[in-house]
Amino acid sequence: MPNTYTWTRLEPLVKTEDVGGSPQKVVETLVAGMTAQSDDGYSAYIDSAISTPLDPDNFIPFDDLPESWAVDKANSVADERGWKDALDKQIEAAKARTLPAKFPWQQAEEAPSE
């Protein structure tokens, strides 16, 4: 089964700017983070700060921005930069790593109860 991908971080960084003669809260940067999860429990994460320059002709007030606005911007950057492939490679690398283990004779004994 292929990995599943989820937007686990969509964080707007805002400031107040003059838009059409009135002060408006404007998203200057969108921090987008995607997590990939494999069916056998491995995961990987990648994020980036996405610049969102003010477009006064197509301005949407901050309180009216739908989730799709952020997801569309994040998907565009993720597709352009190959995030899913990069996350897949991180998961494959994690699966290939050796892990520490204890020999059976090194297992800690249970402490006696009082």
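The model shown is predicted, which means the values in this text are computed figures rather than measured ones. Residues take numbers from 1 onward in each chain, read along the sequence in its written order. In keeping with the predicted nature of the model, local features appear solely for residues at pLDDT of at least 70, side-chain atom pairs appear and are counted solely at 80 or more, and the whole-chain, interface and lining totals rest on all residues. Calculation of side-chain values draws on the structure's entire complement of heavy atoms; hydrogens and water are dropped beforehand.

Draft legend 1. The overall build of the chain, seen in detail. Segments assigned H or I by DSSP are reported as helices when at least four residues long, segments assigned E as strands when at least two residues long, and all are numbered from the N terminus. Summing up its helical and strand segments, the chain has two helices and three strands in all. Across the chain, helices and strands are ordered from the amino to the carboxyl terminus as β-β-β-α-α. Between the two quantities, the radius of gyration covers C-alpha atoms and the globule rule is 2.2 Å times the number of residues to the power 0.38. For the chain, whose C-alpha radius of gyration is 22 Å, the value lies well above the compact-globule estimate of 13 Å for 114 residues. Taking the principal axes of the C-alpha coordinates as reference, the chain spans close to 75 × 40 × 20 Å. The long-range fraction of contacts in the chain, counting pairs at least 24 apart against all pairs at least 6 apart in sequence, stands at 56%. The contact criterion used throughout is that any non-hydrogen atoms of two residues lie within 4.5 Å.

Draft legend 2. Highlighting the side chain of Ser38. In this fold, Ser38 is placed in the loop between strand S2 (22–37) and strand S3 (43–51). Pairs of N or O atoms are called polar contacts if they sit within 3.5 Å, as long as, within protein, a hydrogen donor faces a hydrogen acceptor (for residues adjacent in sequence, only side-chain-to-side-chain pairs). Polar contacts involving the side chain of Ser38 include one to the side chain of Asp40, which spans 2.5 Å. If sequence neighbours within four positions are ignored, Ser38 has contacts with Asn3, Ile91 and Lys95.

Draft legend 3. A look at the environment of Leu54. Locating Leu54 in the fold gives a position in the loop between S3 and helix H1 (67–81). Sequence separation of Leu54 and Val19 is 35 residues, and the distance between their C-alpha atoms is 8.9 Å. When sequence neighbours within four positions are dropped, the list of residues in contact with Leu54 reads Glu17, Val19, Val26 and Phe59.

Draft legend 4. Up close: the packing of aromatic side chains. Ring pairs shown here join Phe, Tyr and Trp side chains whose ring centres sit within 6.5 Å, with only the six-membered ring taken for Trp; geometry is labelled stacked below 30 degrees between planes, edge-to-face above 60, and tilted in between. By the definition in use, this model includes two aromatic pairs. Ring centres of Phe103 and Trp105 lie 4.9 Å apart, and the angle between their planes is 5 degrees; this geometry places the pair in the stacked category.

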